[in-house]
Every structure is written in C-alpha cells, then in structure tokens.
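Observations on the three-dimensional arrangement
Single-letter residue listing:
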Amino acid sequence: MNRMAKNLYNNKEIIIIKIWSLEREKMKLAENEFLKYMSKFEKNPFEIVLHGESHLIGSGKPAFSVVFHKTPEINELLTSTSIALGKAYMDGDIEIKGELYDALNLFLGQMGEFSTD
C-alpha cells in the first residue's frame, strides 16, 4: 500500500472512530434523560437495569426490577408513558423481574406522574 492510500485508510479509521464515539455519547445522553424521567416514579422503589447497569429508583429495597433491552424514546414517554412502556413490554424491549401484577400495581399507583397526550 502506498503512502497516500495508507493515509486515506488511517483517516477513514479516525472518522469511523469519531462517529462511533459521537453515537455512543448521544446514546449515553438519551439514557441519562430516560433515567432522569423515570426517577419521578420514586414513591415505590424499583430497580432499572439498563445495559447491564443497575439503577435504583426511589429509596429502600426495590419491590421489582425492570430490565430494559432497549431504551425507550424520551419523546414517546413524554407523549404517553403508559403506552410507551406497554408497547416496549409487548415488543420484548423490557422485562419485569418479580410479580408482574405487583409491579403494575405499584407503578400504576403513580399515574399522576405519567405523561399523557
């Protein structure tokens, strides 16, 4: 490989790394906004597991855990929290650890905090 081709190849690698880094930063910002939004449901403590990391919402022992395989879009949560989370559950993007009925009862007891459109 001549020097010019090698420089082009290296520049492409740098650009790809920068794009990946920006995408990761953007994803981290979305995750932080999501966790900030979910923190308002602190009345009954629960755990959120996002990308293998555990986050406690509220204080005390969590009554249930919600494993997010995909972070919900914040605009969907702001439009209708119950529809966004219900859709995520039906699509397999979230999983409830613990008794589903108890989790729903505790979470839905905070309907006043939900965004509705």
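Overview of the structure. (Residues numbered from 1 in each chain as written. Predicted model: local features only at pLDDT ≥ 70, side-chain atom pairs only at ≥ 80, totals over all residues. Heavy atoms only, no water.)

Below, the discussion takes up the pattern of salt bridges. With the rule as written, the count across this model stands at three salt bridges. For the salt bridge of K87 with D91, the shortest nitrogen-to-oxygen distance reads 2.8 Å. On the basis of relative accessibility, which here comes to 48%, the residue K87 falls in the partly exposed class. E95 is the partner of K97 in a salt bridge, and the nearest nitrogen-oxygen pair spans 2.9 Å. By relative accessible area, E95 is classed as partly exposed at 31%. (Salt bridge = Lys/Arg side-chain N within 4 Å of Asp/Glu carboxyl O. Buried < 20%, exposed > 50% of the residue type's maximum accessible area, 1.4 Å probe, protein only.)

Bringing the sheet that holds strand β1 (residues 46-50) into the picture now. The strand order across the open sheet formed by four strands is β2-β1-β3-β4, and the pairing between neighbours is mixed. Only two strands of the sheet have a single neighbouring strand rather than two, namely β2 (53-57) and β4 (94-97). Averaged over all adjacent pairs, the angle separating strand axes in this sheet is 20°, with direction ignored. One ladder, built from four bridges, connects β1 with strand β3 (residues 65-68); its direction is parallel. Looking at the pairing, E47 lines up with S65 of β3. (Pairing = 2+ DSSP bridges. Helix = DSSP H or I, 4+ residues; strand = E, 2+ residues; numbered from the N terminus. Axes fitted to C-alpha atoms, helices over the stretch in contact; angles between N-to-C directions.)

Structurally, the position occupied by D93 is in the loop between α3 (81-90) and β4. Although D93 lies buried, it forms no salt bridge, and the closest oppositely charged side chain, K70, sits 4.3 Å away as judged by the N-O distance. Not counting the four nearest positions on each side in its chain, D93 is found in contact with V67, F68, H69, K70 and A88. (Lys, Arg positive; Asp, Glu negative; His and termini not counted. Contact = heavy atoms within 4.5 Å.)

So, about the pairing of β2. In this sheet, β2 lies alongside β1 in antiparallel orientation, the contact comprising five bridges. Within the sheet, the bridge partner assigned to I48 lies in β2 and is H55. Counted between consecutive antiparallel strands, the loop separating β1 from β2 contains two residues, among which H51 sits at a positive phi close to 55°.

Volume-wise, the largest pocket comes out at about 310 Å³. Looking at the lining of the largest pocket, the elements with two or more residues in it are β3, α3, β4 and α4 (100-108). Here the element with the most residues in the lining of the largest pocket is α4; it accounts for five residues. Residue composition of the lining of the largest pocket, grouped by class: 15 nonpolar, two polar and no charged. The set of elements that each furnish at least two residues to the lining of the second largest pocket consists of α1 (3-38) and α2 (74-79). It is α1 that provides the largest number of residues to the lining of the second largest pocket, a total of three residues. Residues of the lining of the second largest pocket, tallied by class, amount to four nonpolar, four polar and three charged. (1 Å grid on protein atoms, 1.4 Å probe; cavity = no way out; pocket = protein on both sides within 12 Å on 5 of 7 lines; lining within 4 Å. Points joined across faces, edges and corners; volume = space filled by probe spheres on them. Nonpolar A, V, L, I, M, F, W, Y, C, P; charged D, E, K, R; others polar.)

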